[in-house]
Amino acid sequence: MAVFITRIAELTYKYRSGTISPEEKAELDQILNESEEMRAWFNKINDENYTMEQLRIMQQIDVADGWRRFQAARKAEEVKRKPRLLGVAASLLLVVMAGCLYYIFSGSRSRKMDILVPFEKSGSALAVNGLLRFADSSVIVLDTAPDTLLARINGVVIARSKDTIFCRAGNKPHGHPEELRLQSLSKKVYMLVLPDNSRVWLNARSTITFPAWFDANCRTVNFEGEGYFEIAENANAPFHINVENKTVQVLGTKFNITAYPGDSLFNTTLLEGKLQVKVADTVLEVMPGERVVVKNSGEIAQEKVPDQHKLLAWKEGFFDFKNDKLTDILPEIARWYNLGLVYHVDPDDTKYSGALLRNELPQTILKRIQSQAPYQLILHNDTIHVRP
């Protein structure tokens, strides 16, 4: 029976990847015609929504343990009737096949690009939280996109599960890799799982541009905004992040980058692993617990980070201010809620301390900050006005 199950998995993979021979297709048809249970399983595996749900939970499945449990069940059932055993096999095959779902699905089509949800051309006025842009200018609005397969590009699967975007490449993607761009616009943190299984969390007003698959010896993305990176180790393919005229190179690490366009500084903080920052001709080696700050003037500083938990508060869903200047706090709040900011007074060194949930209304946030400030913080026409 183990050989039988393996054969079904092999035939299903070949069917989905388009590599099945006429003889193998006839063999698969015969198996499915002889068993209603196997036919039902096969139809389920070929349902795209079901497949993407299995992809979402795939990382939580111990496939090896599932196979061991199947073998144990097989031995226990050997003394019973064969139809009963077939039912157990059909059920447990779903567990075993979870580890193969990605390969079955990603190679299913060979067209250059197949976008499977409604999209709008770039340039549309969209009041949305997240966008996924493609090289041909098509745009998927993540706010309205379903939790399912979003697109296929030359054997690459682009999928969504809630606020997580997956980009999975098959064994041998063909052609030149498509360039994709994920934008988190406001009031939302998106997580992106890259083709190498590296993970990136994007804060509001952040953008990452990445290829649909990486070269064997180099992994490169472009970034602006704020993001937390967990890079999969691969000594043979260093990971490079380009931020304007700065490059961050990693081998396998966890770190945070803040580099919003128009800000007066860039900084990256290393939490774990190895990190190298290159600015023009200057190369800095960063140790865990350190950060590199680069000002627009060109001044570079390398220093210890006193509070790493505060650094990642945005990723956990709250603002964490500890004796921070109002002039640093208000731009962060305006950016999160996609608001303007106008000062009707000369800002001073007024400071605020407090932890605030990011899912609160902006009026609530401003009211709490105003309780410690000598100013009025008024929200009008999507703009924060700072008045005496």
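See above for the structure.
Residues numbered from 1 in each chain as written. Predicted model: local features only at pLDDT ≥ 70, side-chain atom pairs only at ≥ 80, totals over all residues. Heavy atoms only, no water.

Draft legend 1. Main features of the layout of surface pockets. If you add up the space inside the largest pocket, you get close to 1,000 Å³. Looking at the largest pocket, it is lined by 34 residues, and the ones nearest its centre are Asn267, Lys310, Asp324, Asp328 and Glu332. Breaking the lining of the largest pocket down by element, the ones donating at least two residues are strand E14 (246-259), strand E15 (265-279), helix H8 (308-311), helix H9 (313-316), strand E19 (318-325) and helix H10 (326-337). Split into classes, the residues belonging to the lining of the largest pocket amount to 14 nonpolar, 7 polar and 13 charged. (1 Å grid on protein atoms, 1.4 Å probe; cavity = no way out; pocket = protein on both sides within 12 Å on 5 of 7 lines; lining within 4 Å. Points joined across faces, edges and corners; volume = space filled by probe spheres on them. Helix = DSSP H or I, 4+ residues; strand = E, 2+ residues; numbered from the N terminus. Nonpolar A, V, L, I, M, F, W, Y, C, P; charged D, E, K, R; others polar.)

Draft legend 2. Broad picture of helix H2 (residues 22-34). Spanning 13 residues, H2 covers 18 Å between terminal C-alpha atoms, matching the ideal 18 Å at 1.5 Å per step. Of the residues making up H2, those classed as buried are Glu24, Leu28, Ile31 and Leu32. Projected down its long axis, H2 carries its buried residues within an arc of 95 degrees, all on one side. Turned more than 90 degrees off the buried face of H2, the exposed positions are Pro22, Glu23, Asn33 and Glu34. (Expected span 1.5 Å × (residues − 1). Buried < 20%, exposed > 50% of the residue type's maximum accessible area, 1.4 Å probe, protein only. Arc of directions from axis to C-beta.)

Draft legend 3. Broad picture of the environment of Ser297. Along the chain, Ser297 falls in the loop between strand E17 (290-295) and strand E18 (300-304). With 32 residues separating them along the chain, Ser297 and Leu265 place their C-alpha atoms 8.8 Å apart.

Draft legend 4. A look at helix H11 (residues 362-370). Those residues of H11 lying buried are Pro362, Ile365, Leu366 and Ile369. One face of H11 carries all of its buried residues, which in axial projection span an arc of 95 degrees. On its buried face, H11 sits against H10, strand E21 (351-357), strand E22 (376-380) and strand E23 (383-387). (Contact = heavy atoms within 4.5 Å.)

Draft legend 5. Highlighting the packing of aromatic side chains. In this structure the tally under the stated criterion is 6 aromatic pairs. For the pair Phe223 and Phe229, a centre-to-centre distance of 5.3 Å together with 75 degrees between the ring planes defines the contact as edge-to-face. Of the two residues examined, Phe223 and Phe229, each falls in the buried class. Note on Phe321 and Tyr352: the rings are 6.2 Å apart at their centroids and 70 degrees apart in plane angle, and the pair reads as edge-to-face. Of this pair, Phe321 sits in strand E19 while Tyr352 is found in strand E21, placing the two residues 31 residues apart along the sequence. By relative accessible area, which is 3% here, Phe321 ends up buried. (Phe/Tyr/Trp six-rings, centres within 6.5 Å; stacked < 30°, edge-to-face > 60°.)

Everything listed is a geometric property; what it means functionally is a separate question.
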